[in-house]
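# Structure assessment
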Amino acid sequence: GETQYNKDGLLQGQGIDSSLSEVGIQQAEAAGLYLQDVQFTNVFASDMKRAKQTAEIIVRKNKTCNGLHIATHPSLKERSFGIAEGGPVKDMKNMAKAAGQPIAEYTPPEGETMDQVKERISTFLKAMFQQMADDHRDKIQLEWETQPPKTDEPLAGRADDGVRTIPAHALVVTHGAYMRVAVRYFIEDLRCSVPSGSNMIQVFSACSNTGMCRFIVTLKCSDSEIVLSSMKCVFVNRRDHIKAESS
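Residues numbered from 1 in each chain as written. Predicted model: local features only at pLDDT ≥ 70, side-chain atom pairs only at ≥ 80, totals over all residues. Heavy atoms only, no water.

## Some words on the pattern of salt bridges
The cut-off we apply is this: A side-chain nitrogen of Lys or Arg and a carboxyl oxygen of Asp or Glu constitute a salt bridge if their distance falls within 4 Å. Strands are runs of DSSP state E lasting at least two residues, helices are runs of H or I lasting at least four, and both sets are numbered from the N terminus onward. Exposed residues in this analysis have more than 50% of their type's maximum accessible area, buried residues have under 20%, and partly exposed residues fall in between, with area computed by a 1.4 Å probe over protein chains only.
Evaluation of the coordinates by the stated rule reveals nine salt bridges. For Lys-63, the salt bridge is made with Asp-37, and the minimal N-O distance between the two is 3.2 Å. Of this pair, Lys-63 sits in the loop between helix H3 (49-61) and strand S2 (70-73) while Asp-37 sits in the loop between helix H2 (22-34) and strand S1 (42-46), and the two are 26 residues apart along the sequence. Residue Lys-63 shares its accessibility class with Asp-37, and that shared class is exposed. Where Asp-47 meets Lys-77, a salt bridge forms, and the shortest distance between an N and an O atom there is 3.1 Å. Taken together, the positions of Asp-47 in the loop between S1 and H3 and Lys-77 in the loop between S2 and helix H4 (89-99) put the pair 30 residues apart, joining distant regions of the chain. Judged by its relative accessible area of 25%, Lys-77 falls in the partly exposed class.

Right, dumping it as structure tokens:
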């Protein structure tokens, strides 16, 4: 959700650990209402204040997971923007322009490179996959054996698109620049499929405050390891809850 730094056009990154603004709280509440009937079995969040607040509000609004433990992970922190943090976003845009790079790919001095962010994403995925497998292995195996979930149903514009028959569903709350790197990493490195006819410029665009992305992950689990088998994107940067709030 929005913070005062967002409102003032200032760059936060990791160095600025600010809380949600009033608008940010309203955005998180709108997200919670939108997702209130979606069942989550696990919740993960960045350990930064704005992400934890957002996760807490969404969980509190949810009808099925109210009170569910929120596991915080430092590997979900926002991307570090080095010396640009705390300054105007336009300053970083000017720095990127001077370097001849798109702002999304530019790394300010002392900032975090795209590859370094990808390393953190990979670290989190491994931890999340292990946790999900440990928590739900028996349940997932039983449900798959009796009735494999349908993951190819057409989108109906519903909050539970793609997950109505999924036995384990994690809510992950992180940050905009981090998520922009994550989506590209999923698609280009992990070969995540995207919906047919997707506009890839939109898919790789910045995720707005409380913008939602959904991915379905299939894992191969054995006693010795957990391996990603496939990943499918259901949607990216969905903002239906914000549209409903402003209408």
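## Re the packing of aromatic side chains
What counts, and what does not: Each Phe, Tyr or Trp ring, with Trp reduced to its six-membered ring, pairs with another whose centre is within 6.5 Å; inter-plane angles below 30 degrees give stacked pairs, above 60 give edge-to-face pairs, and intermediate values give tilted ones. Two thresholds decide whether a charge sits over a ring: the Lys NZ or Arg CZ must be within 6 Å of the ring centre and within 35 degrees of the ring normal.
In this structure the tally under the stated criterion is three aromatic pairs. Ring centres 6.3 Å apart and planes at 50° place the aromatic pair Tyr-185 and Phe-186 in the tilted group. Residue Tyr-185 shares its accessibility class with Phe-186, and that shared class is buried. Centroid distance Phe-186 to Phe-215: 5.0 Å. Interplanar angle 80°. Geometry classified as edge-to-face. Of this pair, Phe-186 sits in helix H6 (residues 176-188) while Phe-215 sits in strand S4 (residues 212-221), placing them 29 residues apart in sequence. For the pair shown, Phe-186 and Phe-215 are each scored as buried. Lying across the ring of Phe-204, Arg-184 places its NZ or CZ 4.0 Å from the centre.

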